[in-house]
Amino acid sequence: MKSDLLVRLFCLGSAIVGATLFVTATRAQVRGVYPVGMNATNSGVTPEAGVTYSNLFVFFSRDENRDSAGNVIATGQNSIMMDLNSFVWVSQRKIGFLGGAVLSASATLPVANNSLTSNLAGTLSAGGGFADSFYQPVILGWRKRRTDIRAIYGFLAPTGKFQAGGTNNVGSGYWTSVLSSGQTFYLTENRATALSAFEMYEFHGTQQGTMVRPGQTLNLDYSLTQAFQLQGNLRLQLALVGYGQWQTTDKRGPAITPEQAAAHYKVNSFGVGANAIFPGRKASLGFKYFHEFACRSTYQGYTLQISGAITF
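So, a few notes on the structure that sits alongside this text. (Residues numbered from 1 in each chain as written. Predicted model: local features only at pLDDT ≥ 70, side-chain atom pairs only at ≥ 80, totals over all residues. Heavy atoms only, no water.)

Details of the overall build of the chain
Formally: Note on conventions: DSSP H or I runs of at least 4 residues are helices, E runs of at least 2 residues are strands, and numbering of each starts at the N terminus. Classification of residues uses two cut-offs on accessible area relative to the type maximum, computed with a 1.4 Å probe and protein chains only: under 20% is buried, over 50% is exposed, and between them is partly exposed. Here a residue-residue contact requires only that any non-hydrogen atoms of the pair lie within 4.5 Å. Each accessible area value is a Shrake-Rupley result obtained with a 1.4 Å probe; residue values ignore everything except the protein chains displayed when judging cover.
Within the chain one finds 2 helices and 13 strands. For the chain, with 312 residues in total, the buried portion stands at 53%. Sequence separation of 24 or more characterises 64% of the internal contacts of the chain that already satisfy a separation of 6 or more. Within the structure as shown, the chain displays about 13,000 Å² of accessible surface, and the carbon and sulfur contribution to it stands at 62%.

Focus on the pattern of salt bridges
The following threshold applies: A carboxyl oxygen of Asp or Glu within 4 Å of a side-chain nitrogen of Lys or Arg is what we treat as a salt bridge.
Inspection of every chain in the model, using the stated rule, returns 7 salt bridges. In this structure, the salt-bridge partner of Arg145 is Glu189, at a minimum N-O distance of 2.6 Å. Here Arg145, found in the loop between strand E5 (133–143) and strand E6 (147–157), pairs with Glu189, found in the loop between strand E7 (176–186) and strand E8 (193–204); they are 44 residues apart in sequence, far enough to count as distant. Here Arg145 falls in the exposed class, since its relative accessible area comes to 56%. Judged by relative accessible area, Glu189 falls into the exposed class, the value being 55%. A salt bridge links Asp250 to Arg252; the nearest nitrogen and oxygen atoms lie 3.4 Å apart. Residue classification places Asp250 among the partly exposed positions, given a relative accessible area of 27%. Shared partners join several salt bridges into a network, and the residues in it are Arg31, Arg62 and Glu292.

Section: the pairing of strand E9 (residues 217–229)
Looking along a regular strand, one sees the side chains alternate between the two faces of the sheet. The test is simple: Pairing between two strands is assigned when DSSP locates at least 2 bridges connecting them.
Two strands pair when backbone bridges link them, and E8 and E9 are joined in this way by 10 bridges, in the antiparallel orientation. Looking at E9, one finds that Glu199 is bridged to Leu220. Judged from the 13 bridges that link them, E9 and strand E10 (residues 235–247) form a sheet pairing that is antiparallel. Paired with Asp221 across the two strands is Tyr243, which belongs to E10.

Here we look at the environment of Arg93
Summarising the element assignment, Arg93 is placed in strand E2 (residues 72–95). Its relative accessible area of 69% is what places Arg93 among the exposed residues. Between the alpha carbons of Arg93 and Leu103 there is a distance of 7.7 Å; along the sequence they are 10 residues apart. Arg93 has contacts with Ala101, Val102 and Leu103, leaving out every residue within four places of it along the chain.

Description of the side chain of Ser172
The condition that has to hold: N or O atoms closer than or at 3.5 Å make up a polar contact, with two conditions inside protein: a donor-capable atom paired with an acceptor-capable one, and, for residues adjacent in sequence, both atoms drawn from side chains.
Tracing the backbone shows Ser172 in the loop between E6 and E7. We classify Ser172 as buried; its relative accessible area is 0%. Among the polar contacts made by the side chain of Ser172, one reaches the side chain of Asp132 at a distance of 2.8 Å.

Topic: unusual backbone geometry
A positive phi is found at Ala294, a non-glycine position, where the angle reads about 55°. Relative to the elements of secondary structure, Ala294 occurs in strand E12 (residues 283–296). One non-glycine residue, Ser297, adopts positive backbone phi at about 55°. Checked against the element boundaries, Ser297 lands in the loop between E12 and strand E13 (298–311).

Some thoughts on the environment of Thr41
Take Thr41: it is sitting in the loop between helix H1 (5–11) and strand E1 (50–66). C-alpha of Thr41 to C-alpha of Tyr222: the two residues are 181 residues apart in sequence and 6.7 Å apart in space.

Re the nonpolar core
Within soluble globular proteins, side chains that are nonpolar generally end up buried alongside one another. As a reminder, the rule being used: Nonpolar cores are built from buried Ala, Val, Leu, Ile, Met, Phe, Trp, Tyr and Cys residues. Side-chain atoms within 4.5 Å join them into one set.
If you look at the biggest cluster of nonpolar residues, it comprises 28 residues, and the most contacted ones within it are Tyr34, Val58, Met82 and Leu84. Looking at this core, the elements with two or more residues in it are E1, E2, E5, E6, E8, E10 and E12.

Considering the packing of aromatic side chains
As a reminder, the rule being used: Aromatic rings from Phe, Tyr and Trp, taking only the six-membered ring of Trp, are treated as a pair when their centres fall within 6.5 Å; an angle between ring planes under 30 degrees marks them as stacked, one over 60 as edge-to-face, and anything in between as tilted. Placement of a charge over a ring requires the Lys NZ or Arg CZ to be within 6 Å of the ring centre, with the centre-to-atom vector within 35 degrees of the ring normal.
Across all of its chains, the model carries 8 aromatic pairs by this definition. A centroid spacing of 5.8 Å and a plane angle of 35° characterise the contact between Tyr289 and Tyr302, whose relative ring orientation is tilted. One end of the pair, Tyr289, is in strand E12; the other, Tyr302, is in strand E13, with 13 residues separating them in the sequence. A residue is classified by how much of its surface remains accessible, and Tyr289, at 30% relative accessible area, is partly exposed. With a relative accessible area of 31%, Tyr302 lands in the partly exposed category. Ring pairs connect the aromatic residues Phe59, Tyr289 and Tyr302, which therefore count as one cluster. The side chain of Arg191 reaches across the aromatic face of Tyr186, ending 3.8 Å from its centre.

And the structure:
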């Protein structure tokens, strides 16, 4: 079965990133840079040849700050809104010496608005504007009868506004390189039922102005999807979705205490999604909702993602 517009949409920004963390000189980070959950569905599928534009609205809301044991140590509101503009190019040719891999590349240009407030201290930080951009110059995809796989190299460029100690930052203030892979396994012969997984590992650079090097991050998105063919050539996909995020190494820097270095964050979530595909109009719409639980050394809340795509 050829990949449709839905597949194109959710394979566009396999690591779309932006202002998804709040950084201070002493704490360095509370999350990785990847907006978790974005590749929960159709993770391994490479789009058909051509160029596709996708717009994705992401809203993160977190109201509990939890320590390394999972206890609530503060309440307030950590909100992030992102509008992500992604462009993906897929080659028509296959690379024979790489097992028939299809080459593609993508770029994501995000605009973000974020705020952090405390129930006791009020507004702590807020900022908006063009955020950190993400580029994937090499995406290799393999299409098999019951399996689709992708292998990806990408990097985050610190194009968003950042100033050490600032309260209106939008960017992270450091470069990040990532290695990632997506797999989709079709559980039925007609490929209507699928199990997908997406893994990304983040290698963070040193933050400008603070000399802090955030800890590395492992991300995991996953889903179980079921597709239905409806009347009028409308295709509907329903999904159970989830994500996890784990800090794997200590953060380092002149102002980082041993306790702060050892406080690795951990994030878990589970949720639902639905997507509608209109092949005749070369367009698609979708949403995903994730509820977080059992988080450690970070904020806990929920994530909402609304998407749309068009193919030229």
